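As a plain string of letters, each chain reads:
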Amino acid sequence: WLSDVSPSEVSRVRTVFTAKDWVGYRLTGVEATDYSDGTIPFIDPYTRRPSSKLFNILGCPELESRFPEIRDSGSLLGKVLREASNKTGLIEGTPVYMGALDCVAATRGAGIDGEGDAVVTLGTTSAVLSLSCNPVPQVAPVGASVLWPQSNLVLRVLGSTSGTKVLEWFLGTHGYAGTERYSRFWDDVSRSHGHGEIALPFLFGERAPFL
């Protein structure tokens, strides 16, 4: 889109990376991204390298040469420069480590680290996340496959961006109110011993295609 509406702006782009990579660059002067953020959308999960095919499919082949070095999440990116120290108050020379895509960082923080491990997050995005050795376990384009740090695994992500809104709708519809509404709801869920009920959070539309 940017190439179509403002090609001159695209021509001035030196490096293609994400917001957290920009922060790392401003702190250290190092231009790099990590495998998890790079997976969406430019890294082939099978080769773990940037893919010319993907740049072409997305209509921005001219950006491939501007994709930075790829590093593992958790690896040392660099150290806080004097200029960054003066602007932020951080101590010059403080180590700065490469971050990760949010769902990777959160899942790893939850202790998920082996093939077949899974976790569910309930928040603004409600998502089911599981680790697999197969980047694309089925032909249909369901969810996303994100490279996992320091291994050959991928994190399969099936997300719903209307999670919190749907949860609030459900609580209000069924009489849960006040600051203790979540606690009372989960207590009731725990006591029910599970009867197979499933709520699909599609009230506000969701990621296409529906499968």
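Structure shown above.
Summarised in this report is the structure supplied together with it. (Residues numbered from 1 in each chain as written. Predicted model: local features only at pLDDT ≥ 70, side-chain atom pairs only at ≥ 80, totals over all residues. Heavy atoms only, no water.)

Some thoughts on the overall build of the protein
Rules: Per the convention used, a helix needs a DSSP run of H or I reaching at least four residues, while a strand needs a run of E reaching at least two, with both numbered from the N terminus. Any pair of residues with heavy atoms lying within 4.5 Å of one another is described as a contacting pair. Areas reported as accessible are Shrake-Rupley estimates using a 1.4 Å probe. Residue values count occlusion only from the protein chains shown. Charged residues are defined narrowly, with Lys and Arg counted positive, Asp and Glu counted negative, and His plus the chain ends left uncounted. Taken as the charge location is NZ of Lys, CZ of Arg, CG of Asp or CD of Glu.
Secondary structure assignment for the protein yields nine helices and ten strands. Its C-alpha atoms give the protein principal-axis dimensions of about 55 × 45 × 40 Å. Residue pairs in contact within the protein that sit at least 24 positions apart in sequence constitute 54% of those at least 6 positions apart. By element, 58% of the accessible surface of the protein is carried by carbon and sulfur atoms, the whole surface being about 12,900 Å². For the protein, the centre of its 19 positive side-chain charges and the centre of its 23 negative side-chain charges are spaced 5 Å apart.

So, the layout of surface pockets
Counted only if it meets this: Buriedness of a pocket was judged along seven lines, with at least five required to meet protein on both sides within 12 Å; pockets are open sets of points on a 1 Å grid over the protein atoms alone, cavities are sets where a 1.4 Å probe fits but cannot get out, and lining residues have an atom within 4 Å of a point. Grid points are joined across faces, edges and corners, and a volume is the space filled by probe spheres set on the points. The classification used treats Ala, Val, Leu, Ile, Met, Phe, Trp, Tyr, Cys and Pro as nonpolar, Asp, Glu, Lys and Arg as charged, and all other residues, Gly among them, as polar.
Considered as a void within the structure, the second largest pocket measures approximately 540 Å³ in volume. Looking at the second largest pocket, it is lined by 21 residues, and the ones nearest its centre are Thr-39, Pro-45, Leu-54, Val-136 and Ser-145. In terms of residues, the lining of the second largest pocket owes the most to one element, helix 5 (residues 52–57), which gives three residues. Per-class residue counts for the lining of the second largest pocket are 13 nonpolar, five polar and three charged.

Some words on the pattern of salt bridges
Threshold: Counted as salt bridges are all cases of a side-chain nitrogen of Lys or Arg within 4 Å of a carboxyl oxygen of Asp or Glu. Whether a residue is buried, partly exposed or exposed follows from its accessible area with a 1.4 Å probe, protein chains only, as a fraction of its type maximum: under 20%, in between, or over 50%, in that order.
The final tally for this structure, using the stated rule, is nine salt bridges. Its salt-bridge partner being Glu-69, residue Arg-71 comes within 3.1 Å of it at the nearest N-O pair. The exposure class assigned to Arg-71 is buried, which follows from its relative accessible area of 19%. Each of Lys-20, Asp-21, Asp-34 and Asp-37 takes part in a single network of salt bridges with overlapping partners.

Considerations on helix 9 (residues 181–192)
Convention followed: How far a helix is expected to stretch is found by multiplying one less than its residue total by 1.5 Å.
In a regular helix each residue adds 1.5 Å, so twelve residues correspond to 16 Å; helix 9 covers 17 Å between its end C-alpha atoms and thus fits that length. Once helix 9 finishes, His-193 follows within two positions and takes phi at roughly 60°, a positive value.

Concerning the sheet that holds strand 10 (residues 154–160)
Counted only if it meets this: Two strands pair under a simple rule: DSSP has to find at least two bridges between them. The axes used here are C-alpha line fits, helices contributing only the stretch in contact, and every angle between their N-to-C directions lies in the interval 0 to 180 degrees.
Here we have four strands laid out as an open sheet, ordered 7-8-10-9, and antiparallel in their pairing. Taken across any chain shown, the strands that pair with only one partner, and hence form the sheet edges, are strand 7 (118–121) and strand 9 (144–147). Averaged over all neighbouring strand pairs, the angle between strand axes comes to 25°, with direction disregarded. Looking at chain direction, strand 8 (residues 126–132) and strand 10 are connected through seven bridges and run antiparallel. Among the inter-strand pairings, Val-128 is bridged to a residue of strand 10, identified as Leu-158.

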